[in-house]
2 protein chains.
Amino acid sequence: MSVLVVGTTALDSIKTPYAENPRLLGGSASHAAVAASFFAPVHLVGVVGDDFPQKYVKLYRKHGINLDGLHRATGKTFHWGGEYEVNMNNRRTLFTELGVIENFTPDLPAHYRHIPYVLLANISPGLQLHVLHQMAKPKFVIADTMDLWINVALPDLLKLLRHVDAIVVNDSEARHLTGEDNLHLAIKKIHRLGPAYVIVKKGEHGAILSAPGGHFIAPAFPLEKVVDPTGAGDSFVGGLIGYLAGHRGSVDQNLRKAIIYGSVVASFCCEGFGLDRTTKATRAAIEDRASHIKKLTHF
Amino acid sequence: MSVLVVGTTALDSIKTPYAENPRLLGGSASHAAVAASFFAPVHLVGVVGDDFPQKYVKLYRKHGINLDGLHRATGKTFHWGGEYEVNMNNRRTLFTELGVIENFTPDLPAHYRHIPYVLLANISPGLQLHVLHQMAKPKFVIADTMDLWINVALPDLLKLLRHVDAIVVNDSEARHLTGEDNLHLAIKKIHRLGPAYVIVKKGEHGAILSAPGGHFIAPAFPLEKVVDPTGAGDSFVGGLIGYLAGHRGSVDQNLRKAIIYGSVVASFCCEGFGLDRTTKATRAAIEDRASHIKKLTHF
């Protein structure tokens, strides 16, 4: 079955202690859509400006991503600049140029409205709601968010949480959103805000799922070298919903494996700048890493 | 089979944001010995002063711990004072009174020298070596250490590492010891210092084992309330070696399960001050939590 992905389609200029790469293809929707495309057909909703390189459109197409929902507006593409410290965990934003994303309120193409799996990748919760309201009874809706929206758009975020099946946050966002320092208590509080499924990303420490069928603790795929972690969280949730859409059975049956496959795609993302390494992944390489995680956790 | 545990036998005075508890039974050997005692007979090596409360001797005895190696010296018992912040991850030492531990160089009782499983719990690496040299061909030797010894006794620690099968460190110690920020590369460097088995503790994020038979990633048992984490690492390694000693089969066959059982005992340790909760654990309660971890990680 198909996946709809809405989020940012952006240019990322990224500095690490070892290299500097301007105007890479980035944005939550780009990473998530490519990640999902390994498992299921993907339909993208986003906006780019008239400076958006054609080679990036080709990259989406190479992954079979339907671009009927990709708007082209007059102006500049959303452009983010960030810098990482040596340990790759701490990053700071150098600049954020919103460009055409500032006034983006898309009408979805008619054939998008019945897509069963919906990923509201990281973008303002107002826009996530705007897209969700145009969907006709999706089978499974998952939303990603970030600290910024907890700070500047909390009412919209709380409204969104009442309308999604699953929310993905990182551990510090879970604490921030609930004011609860203990992660397991924070997860309980997030359930009370609406989502039946709460997924907490812990970076190199893996992820925790809290679901009606119980908890699941997943490790991250161990990496000896992280080149650029930008988009890893987006790749994780993209791979996750792609896996769900691409496999028969209920969400409850498939969600644990979906989290493992999401982690695997995120691990490829971290090994190159932007989408460089992710786009070179193969389904066989993904299966290898998923099997490796199985061996790593067996006892 | 039996376990020998050497380490500190101490009094701990612990402050948390919620309570203050002076002169609890503490020390690396106390926590490790009690943890190991759930699975195998334990023989303790340590020193206490003439102020050591008889009720703590009774507590050791209640756990069947052989005390022929517990020296009683004239002077004060090692006394540590520490304070935790609200999130229970950050702690600071308020005072350290070495007392009788300062000049402790034990001669082991003759019947201790053939014990097959040896835990060199956290104490100075010089003393760990002194004990190890008195042992006749142990089957498995595991050492724990801490940042302090990397700073003040590195030559002894490096010598020790050449003579043990396994080393346990936390993630920041692994990075500190090797100068390597990436944990997986740090583990490789620690292997080159001697130990065939490297175990990295990551607190609430679980533990990583690197062994000849491959890596294992274990979660921590999820806790909604941490009362006092003092001794959790000691309980982990104590439970681990106790499990190994108490079960037939090779170390390679049993080490993954041993890590899970170590994590379980550590989880009980965190739920009370000092050894309060650990001593109330039962073998059945331990089995319940180990089964729960199995369910948490299955996919």
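The structure displayed is predicted, hence computed values, not measured ones.

Draft legend 1. Molecular detail of the overall build of chain A. Within chain A, the secondary structure is distributed over 10 helices and 13 strands. Against the globule reference of 19 Å for 299 residues, chain A gives a C-alpha radius of gyration of 18 Å, in line with a compact fold. Viewed in the frame of its principal axes, chain A has a C-alpha envelope of about 55 × 45 × 40 Å. Relative to its 299 residues, chain A shows a buried fraction of 50%. Intrachain contacts of chain A at a sequence separation of at least 6 include 66% that bridge at least 24 residues.

Draft legend 2. Quick look at the sheet that holds strand 11 (residues 197-201) of chain A. Residue and element names in this part refer to chain A. Within the open sheet, the 9 strands sit side by side as 5-4-1-8-9-10-11-12-13. Their pairing is mixed. Each end of this open sheet is capped by a strand with a single partner; those strands are strand 5 (66-72) and strand 13 (214-218). When strand polarity is set aside, the average angle formed by the axes of neighbouring strands in this sheet is 15 degrees. Bridge count between strand 1 (residues 3-6) and strand 4 (residues 42-48): 4 bridges; the pairing is parallel. Each bridged residue has a counterpart across the sheet, and for V5 the counterpart in strand 4 is L44.

Draft legend 3. Looking closely at the pairing of strand 11 (residues 197-201) of chain B. Residue and element names in this part refer to chain B. Along strand 11, 5 of the 5 residues are buried, which leaves the element largely enclosed by surrounding structure. Side chains of strand 11 alternate between two faces, with Y197, I199 and K201 and V198 and V200 buried alike. Pairing of strand 10 (residues 166-170) with strand 11, which is carried by 5 bridges, proceeds in the parallel orientation. Considered in strand 11, the bridge of I167 is made with V198. Of the strand pairs in this sheet, strand 11 and strand 12 (residues 207-211) are connected by 4 bridges, and their pairing is antiparallel. Each residue of the ladder has a partner; that of V198, found in strand 12, is S210. Counting the residues between successive antiparallel strands, the hairpin from strand 11 to strand 12 contains 5 residues, one of them, G203, with a positive phi of roughly 60 degrees.

Draft legend 4. The arrangement of the nonpolar core in detail. Counting residues in each nonpolar core, the largest one holds 100 residues, and the members touching the most others are B:V5, B:L119 and B:V265. Considering every element that reaches this core, the biggest residue donor is helix 9 (residues 251-270) of chain B, with 11 residues. When sequence neighbours within four positions are dropped, the list of residues in contact with B:V265 reads B:A35, B:F38, B:S235, B:F236, B:G238, B:G239, B:T278, B:A281 and B:I286. If you look at the next biggest cluster of nonpolar residues, it comprises 99 residues, including A:A32, A:M88, A:I217 and A:A232.

Draft legend 5. Structural view of the interface of chain A and chain B. Opposite the 23 residues of chain A that make contact, chain B presents 23 residues. Among the secondary structure elements, those contributing two or more residues to the side of chain A that touches chain B are helix 7 (183-192), strand 13, helix 9 (251-270) and helix 10 (283-297) of chain A. At 4 residues, strand 13 of chain A tops the list of elements feeding residues into the side of chain A that touches chain B. In the side of chain A that touches chain B, the residues fall into 9 nonpolar, 7 polar and 7 charged.

Draft legend 6. Fine view of the relation of the copies chain A and chain B. Mapping chain A onto chain B calls for a rotation angle of 180 degrees and an axial translation of 0.0 Å; the resulting RMSD is 0.0 Å. In symmetry terms, the pair is related by a two-fold rotation axis. Identified as the residue of chain A closest to the rotation axis by C-alpha distance is A:H205, at 3.1 Å. A shared binding surface is used by both copies, with 100% of the interface residues of chain A retained as interface residues in chain B.

Draft legend 7. Molecular detail of the sheet that holds strand 7 (residues 91-97) of chain B. All names here are of chain B. One open sheet accounts for 4 strands, arranged 3-2-6-7; its pairing is mixed. Pairing within the sheet leaves two strands with one partner each, and these edge strands are strand 3 (20-26) and strand 7. Neighbour-to-neighbour, the strand axes of the sheet open up by a mean angle of 20 degrees, direction not taken into account. Pairing of strand 2 (residues 10-15) with strand 3 involves 5 bridges; the strand directions are antiparallel. Opposite K15, over in strand 3, you have E20 as the bridge partner.

Draft legend 8. Layout of the packing of helix 1 (residues 28-36) of chain B against helix 8 (residues 232-246) of chain B. Residues and elements named next belong to chain B. It is the contact of helix 1 with helix 8, at a shortest axis distance of 7 Å, that shows an interaxial angle of 40 degrees. On the basis of their axis angle, the class for helix 1 and helix 8 is oblique. The two elements helix 1 and helix 8 meet at a crossing, and its hand is right-handed. Across from S28, H31, A32, A33, A35 and A36 in helix 1, the residues of helix 8 making contact are D234, S235, V237, G238, G239, I241 and G242. Class assignment for the residues of the contact of helix 1 with helix 8 results in 6 nonpolar, 6 polar and 1 charged.

Draft legend 9. Region of the structure containing helix 8 (residues 232-246) of chain A. If you check helix 8 of chain A, its first and last C-alpha atoms are 21 Å apart, about what 15 residues at 1.5 Å a residue would give, namely 21 Å. Counting buried positions over the 15 residues of helix 8 of chain A gives 15, a clear majority of the element.

Draft legend 10. Quick look at the environment of A:K225. Structurally, A:K225 is set in the loop between strand 13 and helix 8. When the 10 C-beta atoms within 10 Å are taken as the criterion, A:K225 is described as exposed. Linking A:K225 and A:M88, residues 137 residues apart in sequence, is a C-alpha distance of 9.9 Å. Not counting the four nearest positions on each side in its chain, A:K225 is found in contact with A:E271 and B:N182.

Draft legend 11. Representation of unusual backbone geometry. Residues and elements named next belong to chain A. Even without a glycine there, the phi angle at K137 is positive, about 45 degrees. Within the fold, K137 resides in the loop between helix 3 (125-132) and strand 9 (140-144). We classify K137 as exposed; it has 7 C-beta atoms within 10 Å.

Draft legend 12. Quick look at the environment of A:L94. Residue and element names in this part refer to chain A. If you trace the backbone, L94 turns up in strand 7 (residues 91-97). L94 sits 88 residues away from N182 along the chain, and the two C-alpha atoms are 32 Å apart. Not counting chain neighbours up to four residues away, the residues in contact with L94 comprise G81, G82 and E83.

Scoring rules and cut-offs
- Residues numbered from 1 in each chain as written.
- Chains lettered and ligands numbered in written order.
- Predicted model: local features only at pLDDT ≥ 70, side-chain atom pairs only at ≥ 80, totals over all residues.
- Helix = DSSP H or I, 4+ residues; strand = E, 2+ residues; numbered from the N terminus.
- Rg over C-alpha atoms; globule rule 2.2 N^0.38 Å.
- Buried ≥ 20, exposed ≤ 12 C-beta atoms within 10 Å, placed from the backbone.
- Contact = placed C-beta atoms within 7 Å.
- Pairing = 2+ DSSP bridges.
- Axes fitted to C-alpha atoms, helices over the stretch in contact; angles between N-to-C directions.
- Core = buried A, V, L, I, M, F, W, Y, C linked by C-beta atoms within 7 Å.
- Nonpolar A, V, L, I, M, F, W, Y, C, P; charged D, E, K, R; others polar.
- Least-squares fit on C-alpha atoms with pLDDT ≥ 70 in both.
- Parallel < 35°, antiparallel > 145°, perpendicular 65-115°, else oblique.
- Left-handed = near helix turned anticlockwise from the far one by under 90°.
- Expected span 1.5 Å × (residues − 1).

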